Amino acid sequence: MLVGGAGTGKTTLLSLLCKSPQIRDGGVLLLAPTGKARVRMSQAMQRQGVSSNAKTVAQFLIQNGRFDYNTMRYQLSDAEVKDVPFTVIVDECSMLTEEMFGALMQALRKAQRIIFVGDPNQLPPIGAGRPFVDLVRYLKMDIPLFPRVGKSYGELIVTRRQKNTDGKERTDTALAEWYADTTAELDDEIFVRLQGNNCGKNVTFKMWSTPEELESLVLQTVAEEVGMKSVDDVNGFNISLGGTVGQYTYFNLGCADKSESWQVLAPIRGLPYGVANINHIIHSKYRENYLELAKESYFWNRKIPRPIGAEGIVYGDKVINVINTKRKAYPDNAGSIHYVANGEIGVAFSNWVKKDDSAKVRSMKLGGLKVEFSSQKGYSYQYEGRDFGEETDAVLELAYALTVHKAQGSEFGKVILVINEPCGLLSKELLYTAITRQTDRLVILYNAEAYHLRNYSSRAFSDIARRFTCLFEKPEIVKFKQRYYEASLIHKTLKGELVRSKSEVIIANMLYEAGIPYEYEKELSLGEDGTRIPDFTIDDAESGMLYYWEHCGMMSDRHYRQRWEEKKAVYAKHDIIEGENLIVSYDDMNGSIDSVAIKALIEKYLQ
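Below, the structure is looked at part by part. (Residues numbered from 1 in each chain as written. Predicted model: local features only at pLDDT ≥ 70, side-chain atom pairs only at ≥ 80, totals over all residues. Heavy atoms only, no water.)

**Overview of the pattern of salt bridges**
As a reminder of what qualifies: For salt bridges, the criterion is a side-chain nitrogen of Lys or Arg within 4 Å of an Asp or Glu carboxyl oxygen. For the purposes of this entry, the term helix denotes a DSSP run of H or I that reaches at least four residues, the term strand denotes a run of E that reaches at least two, and both are numbered from the N terminus.
Throughout the structure, instances matching the rule amount to 34 salt bridges. Between Asp 332 and Lys 328 there is a salt bridge, and its shortest N-O distance comes to 3.2 Å. Lys 573 is the salt-bridge partner of Glu 528, the closest N and O atoms lying 3.5 Å from each other. One end of the pair, Glu 528, is in the loop between strand 28 (524–525) and strand 29 (531–532); the other, Lys 573, is in helix 17 (residues 558–573), and 45 residues separate them in sequence. Within the structure, one salt-bridge network assembled from shared partners comprises Arg 454, Arg 500, Glu 521 and Glu 523.

As structure tokens, this is what we get:
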């Protein structure tokens, strides 16, 4: 198992490992649940000079009867799988369903080494189960907090995608930790700073209240983030997508270089705040000129192909391919793969019709749009009207805005995240996935105050915890506030509340059993020093003392240790002193907690 958060360098590390003769000489098979992940992993290997065979999981399993293309079902089979190399690497494993995992393990029995790669904090698969999370939980038991290495298990913990040049932790990284499964000391003030837009250069927060406000805010934010002179600067918008300014703004081979430099994301597809409407807003605003040119009725005056598909995709549009398909690439040379994966993003263009072009040449140029994808730079694929049937059958869609699910596994320069309340799809994992897609900047557009986002860091909003499957043991289902969860994936106290870690469960239960009333994560206002969130607040009526209890984990990590020291200094400024009214406990180096030490602290301060 190779585990790591978004941007920790999992794919890069694998490509370097595969250069080792011990792995390389036995052959390497690369597998991924999606076509886009397959393409990206294959290209990372190529950059390191590693020869490998890359397929989607479905492509591999269909060859041996374990995937039925007609029903789209994964299944077990007695068919023997031949030519399995010594090493098999499976990327983006958080997307694996139980059916995919079972069929895959059966098919790979002859492999000598299987490496599962992924981030267990991301969205669970679209389908039954959570096998990757089960594997991670099983293998990481009893390993030390640092280094996160054990038998068949390695974890990368340093974020490299979202990294400041001065080495200091970025706000977007600190925000993502709230939605990860971690015992780290969290940044208490981050939601207050978010509301006040005091998060540094990497994160901006903006509020909206009506669909009309959101429409203006999306256009304004896109203009600001891509460097346009104003909302009406069409040329500036085109340049942000790789266009070249002339009499018109032209798009040519090479334009896909910038296609993933910025991206709008949203949880849902429909409704005024979903990706379909946001795409329509942006498309209508900045493609009006091209739509007029494309709709020219007189053949000899038309410069670019007609709009295609239900969305009216036209020259210069940012698009996403939504169906894995073999398709001829141009130019046809040794580097062309003649395959477009579901999820690949690019820009539509065509050869501009010239005044002296013959009818035959004009017909050829106007016959369809070409698309260059960011993952296949220097190559184009032809799309024509026949590639679009009913709306659900379209092979291309507008991609100015994408759902968070569709963006899983992708990386963008800047992300504009649109969030609405109420939204049944919002979860701990969805927010984690959304706010770890950018390398440079995150802009959050939200129709509520920032502190509401903190609610979703609770395991009560975990999609994974509401999956009642497990590879290793029978799930125990428990009820919490009219919803059901898998007991081993939540931390429920005797008092009936959800806390963040097993250590906090132990502390809470020992306080409860000792008859000591407490409040969990009660906000503490410290005036100009903002708000802090102690783990436990205990109002001792007998002594008249107000105690605050903080439990610290992962103190071996420099960033977390520094964050705790800063928090302790703020506490001291307000006469909350360790050893007096501030009770502090720590995890051991292996991540466990000493119950005897906790009992001693309770007896010393509270009994």
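**Focus on the nonpolar core**
Where we set the bar: Put simply, a nonpolar core is a bunch of buried Ala, Val, Leu, Ile, Met, Phe, Trp, Tyr and Cys residues held in one set by side-chain atoms that sit within 4.5 Å of each other. Exposure classes here rest on a 1.4 Å probe applied to the protein chains alone. A residue is buried below 20% of its type maximum, exposed above 50%, and partly exposed in between. In this description, contact between two residues means that some pair of their heavy atoms is separated by no more than 4.5 Å.
Counting residues in each nonpolar core, the largest one holds 96 residues, and the members touching the most others are Tyr 179 and Ile 282. Sort the elements by how many residues they give to this core and helix 9 (residues 211–226) lands first, with seven residues. Excluding anything up to four places from it in sequence, Ile 282 contacts Val 218, Leu 219, Val 222, Phe 237, Val 264, Arg 287 and Tyr 400.

**Focus: the sheet that holds strand 22 (residues 401–403)**
Inclusion rule: Here, strands pair whenever DSSP counts at least two bridges between them. What counts as an axis is a line fitted to C-alpha atoms, over the stretch in contact for a helix, and the angles between N-to-C directions run from 0 to 180 degrees.
Strands sit in the order 10-24-23-13-22 across an open sheet of five strands; the sheet is parallel. One side of each edge strand has no neighbouring strand; the edge strands of this open sheet are strand 10 (203–207) and strand 22. Pairwise comparison of adjacent strand axes, ignoring direction, gives a mean angle of 25 degrees for this sheet. By the bridge criterion, four bridges tie strand 13 (residues 262–266) to strand 23 (residues 412–419) in an arrangement that is parallel. Of the residues in strand 23, the one forming a bridge with Val 264 is Ile 416. Each of strand 10, strand 13, strand 23 and strand 24 (438–446) touches helix 9; the most contacted strand, strand 24, lies at about 160 degrees to it. Sheet strands touched by helix 11 (residues 275–286): strand 13, strand 22 and strand 23. Its angle to strand 22, the strand with the most contacts, is close to 170 degrees.

**Focus on helix 18 (residues 595–605)**
Counted only if it meets this: Arc definition: directions from the helix axis to the C-beta atoms. The definition of a polar contact used here is a pair of N or O atoms within 3.5 Å, where within protein one atom must be able to donate a hydrogen and the other to accept one, and adjacent residues in sequence count solely through side-chain atom pairs.
The complete set of buried residues in helix 18 reads Ile 598, Leu 601, Ile 602 and Tyr 605. One face of helix 18 carries all of its buried residues, which in axial projection span an arc of 100 degrees. Turned more than 90 degrees away from the buried face of helix 18, the exposed residues are Val 596 and Lys 604. Turning to helix 18, the residues buried within the fold contact helix 16 (502–513), strand 30 (536–540), strand 31 (545–552) and strand 32 (582–586). You can read the cap of helix 18 off the contacts: a side-chain oxygen lies 3.0 Å from the backbone nitrogen of Val 596, and it is on Asp 594.

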